[in-house]
Structures are given as C-alpha cells and as structure tokens.
Amino acid sequence: MRAGTANEILSDIDAVRGRTRRALHPIWFANLVTGVFFVGATIVSAVASGPTAPIVYLAVGIPVGLGLIVAHAVRVERELGAEARALDPSLGVVAAIFGGIAVVNALTSGDLRRVAWMYPVAIGWTIMAWLYRHPPLAVIAVALAVVAAALAIAAPADAGLWGQLALGVLLVAAGLYGRWRARS
Amino acid sequence: MTHPALRLDDTVHQRVRLGILAVLAEARRADFAYLREALSLTDGNLSRHLGVLEDAGLVEIEKRFEGRRPRTWVQATKAGRAAFAEEVAALRELVARADDAARTAPPRPGRAT
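This structure is a prediction, so every number in the text was calculated from the model and none was measured.

Draft legend 1. Seen up close, the pattern of salt bridges. Counted according to the given criterion, the structure contains 15 salt bridges over all chains. Among the ionic pairs, A:R17 bridges to B:E26, the shortest N-O distance being 2.9 Å. With A:R17 in helix 1 (residues 3-24) and B:E26 in helix 2 (residues 15-26), the pair connects residues from two separate chains. By relative accessible area, A:R17 is classed as partly exposed at 23%. Where B:R28 meets A:E83, a salt bridge forms, and the shortest distance between an N and an O atom there is 2.4 Å. With B:R28 in strand 1 (residues 27-31) and A:E83 in strand 1 (residues 82-84), this residue pair bridges two chains. B:R28 gets classed as partly exposed once you look at its relative accessible area, which sits at 33%. Each member of the salt-bridge network shares a partner with another, and the members are A:E83, B:R28, B:R29, B:D31, B:E62, B:R64, B:E66 and B:R71.

Dropping the structure here:
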C-alpha cells in the first residue's frame, strides 16, 4: 500500500470519527447552559448581601444545569440512533480543569488568585476544541486567557466576578453560534 | 519487526468496514439507519459488510422491536475495537515510515539540460 493512500484512509477515518463525536456530543447546548449558569452566578454574587444566596444558587443551579445537559444528550441520542460511550474523554478534561483550578488556587494568592483559575479553564477548552474539532471553543480559550491577563494587570476590585462574567458571556456566545451552525 | 503493510487485516481494511468500525469506535452502539446515513450506504451494502464483520466476531448485531418499530443495533466487540486500533496503528506506522524514508533519501541528481 502507498503511504499516500494510507494517509487518505487515516483522514477519512478521522473525519468519520469527528462527525460521529460531534453528532453525539452537541457541545453547543452544554456551552449555552454553563454560560447562562456562570452569568447567573455572577449576578447573584454581585447582588447578594451575604453568602446564603450564592450557596443556594450553586446548590440548585449545578444539579439543574447537569440535568438539562444529560436530558438533552439522551434526546439527541434517541433522535440520532446512536449512543455515546459512558466514559467520554471530555469528562476527563472537565475533571482536569477542576484539578487545575485547585492547583492554581493552592499556588497563588491575593489578586492573582482571583483570575488564575481562568488559565486552567482556557487550557481545558483548548483541549476540548481539539477533541471535538470545534474551533469556537479555541476562540473562547484565547479570549478567556486575554481577559485573565487584562484583569491581572488592571486588578479591579471584583476581578474574580468580572472573570466569571466573561466566561459566562463567552460560553453563551459560543453556544448560540454552535446552535446556529448545527441548524444551518 | 513486521512491515506495517503486512499487519493490515483484509476484513477490517475494506473501506466501508473500516468506516463502520470508525463510527463504533466513538459510539457505544449505533443503529442500522444511523450507520447507513453516516456512511452514505444502501441497505444492501451495509447489511453485507455488517455480515462480514459479524462473522469475524468484530461486531455484535441485535435486532429487536422498540414499540412496533423493528430496530437493529450494532456494537463493536472487544476484538473489533482492538482490530480497529491495530489497523489505525499500522496505517500510521506506514505513513511514518514513508516520511522517514523521504527525509533520509539522498537528493536526486538534477537532470542535465
């Protein structure tokens, strides 16, 4: 067999796998839900006078958000006629993002800590962009890293909240763009 | 060491069958209609290739009724996933060898004019 033919077959395999992966994981919906969640979390944190409201928001918002994502994935699988594997690599990336946030929080302090968490998230989204061949996620990652750098330099009083709001808005934008792409 | 071309398995290497295994490498299982659409095949063509893969023990086919609707689910077996991974590895090695050979080959003398 010629190397050119082998290369062509590998490209075809990659294309088929990529299409299946994207079809089984409509990542735009997860982006939209998590984006709305982060925007909501920012608003609640900014408006609330004590810690109760943000804690209640997290306690209710996280299971509701996850439930929506899972329910949507199940519906998509039923309509498609294909089921995703239980152990998806994206779960590993999400776990690594949380691990990365814990590490940077332990290694940083003061103003830097308030924005450092954005870097593991940016790296995680870059990996997701490659995994799902979904360029908007790479755009989010770069934009998030730029916002984190700007916040680290400007060091406003609510740097953490501004970072959270930026993440939320970027995710909502990527979700809406992904939805438009999926339906057009 | 065996040349990668000799490690290519005829059962797996056929384009349609490779496509079926590529889909099933990403999905836990897929139904007949999904495979047909994803790979742009006719019913007969897909059935024939699924039969070959099933006979080789590379996929499992389950036919059942969901409500009143008959549905055929296809799932790669452990052997099927391993065979697919081996096929991809052999193809990658083949490409890498060709790239190495091209890099280390002495430059061709220019044609005299």
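Draft legend 2. Representation of the interface of chain A and chain B. Across the boundary between the two partners, chain A contributes 24 residues, which contact 27 residues of chain B. For the chain A and chain B pair, buried surface summed over both sides reaches about 2200 Å², with 61% attributable to carbon and sulfur atoms. Between chain A and chain B we count six salt bridges in total. Here B:R15 ties to A:E8 by a salt bridge, and the two come within 3.4 Å at their closest N and O atoms. For the interface between chain A and chain B, the tally reads eight residue pairs in polar contact (both at pLDDT 80 or more). Breaking the side of chain A that touches chain B down by element, the ones donating at least two residues are helix 1, helix 3 (52-80) and strand 1 of chain A. For the side of chain A that touches chain B, the leading source of residues is helix 1 of chain A, giving 16 residues.

Draft legend 3. Region of the structure containing the nonpolar core. Ranked by internal contacts, the top residues of the largest apolar core, which has 39 residues, are A:I13, B:I20, B:L35, B:F84 and B:L91. For this core, the secondary-structure elements that each account for two or more residues are helix 1 and strand 1 of chain A together with helix 2, strand 1, helix 3 (32-38), helix 4 (43-55), strand 3 (69-76) and helix 5 (78-104) of chain B. Looking at which element gives the most residues to this core, the answer is helix 2 of chain B, with eight residues. With residues near it in sequence (within four places) discarded, B:L35 still touches B:I20, B:V23, B:A30, B:L46, B:L50 and B:V74. Counting residues in hydrophobic clusters, the runner-up holds 24 residues, among them A:L137, A:L144, A:A159 and A:A174.

Draft legend 4. Geometry of the sheet that holds strand 1 of chain B. The strand order 1(A)-1(B)-3(B)-2(B) describes an open sheet built from four strands, whose pairing is antiparallel. Two strands close off the open sheet at either side, each with one partner strand: strand 1 of chain A together with strand 2 (59-66) of chain B. Across this sheet, the average inter-strand angle for adjacent strands is 20°, counted without regard to direction. With eight bridges joining them, strand 2 of chain B and strand 3 of chain B adopt antiparallel strand pairing. Across the sheet, the residue bridging to B:E62 is B:W73, located in strand 3 of chain B.

Draft legend 5. Layout of helix 8 (residues 159-183) of chain A. All names here are of chain A. With 25 residues, helix 8 extends 36 Å from end C-alpha to end C-alpha; this agrees with the ideal 36 Å at 1.5 Å per step. Along helix 8, the residues that are buried comprise A159, G160, G163, Q164, A166, L167, G168, L171, A174, G175 and G178. As for helix 8, its buried residues are in contact with helix 2 (27-47), helix 5 (110-116), helix 6 (118-131) and helix 7 (135-154).

Draft legend 6. Main features of the pairing of strand 3 of chain B. All names here are of chain B. Sheet analysis places strand 1 next to strand 3, joined by two bridges and oriented antiparallel. Note on strand 3: the bridge partner recorded for D31 is W73. Counted between consecutive antiparallel strands, the loop separating strand 2 from strand 3 contains two residues, among which G67 sits at a positive phi close to 70°.

Draft legend 7. Spotlight on the packing of helix 4 (residues 89-107) of chain A against helix 6 of chain A. All names here are of chain A. Running from N to C, helix 4 and helix 6 point in directions that differ by 165°, and their axes come no closer than 8 Å. Judged by the angle between their axes, helix 4 and helix 6 are roughly antiparallel. Like other packed secondary-structure pairs, helix 4 and helix 6 cross with a definite hand, here right-handed. Residues P89, S90, V93, V94, I97, G100, I101 and V104 of helix 4 touch helix 6, and the partners they reach there are P120, V121, G124, W125, I127, M128 and L131. Partitioned by chemical class, the residues of the contact of helix 4 with helix 6 number 12 nonpolar, three polar and no charged.

How each quantity is defined
Residues numbered from 1 in each chain as written. Chains lettered and ligands numbered in written order. Predicted model: local features only at pLDDT ≥ 70, side-chain atom pairs only at ≥ 80, totals over all residues. Heavy atoms only, no water. Salt bridge = Lys/Arg side-chain N within 4 Å of Asp/Glu carboxyl O. Helix = DSSP H or I, 4+ residues; strand = E, 2+ residues; numbered from the N terminus. Buried < 20%, exposed > 50% of the residue type's maximum accessible area, 1.4 Å probe, protein only. Contact = heavy atoms within 4.5 Å. Buried area = accessible area lost by both parts, 1.4 Å probe. Polar contact = N/O pair within 3.5 Å; in protein donor to acceptor, adjacent residues only side chain to side chain. Core = buried A, V, L, I, M, F, W, Y, C linked by side-chain atoms within 4.5 Å. Pairing = 2+ DSSP bridges. Axes fitted to C-alpha atoms, helices over the stretch in contact; angles between N-to-C directions. Expected span 1.5 Å × (residues − 1). Parallel < 35°, antiparallel > 145°, perpendicular 65-115°, else oblique. Left-handed = near helix turned anticlockwise from the far one by under 90°. Nonpolar A, V, L, I, M, F, W, Y, C, P; charged D, E, K, R; others polar.

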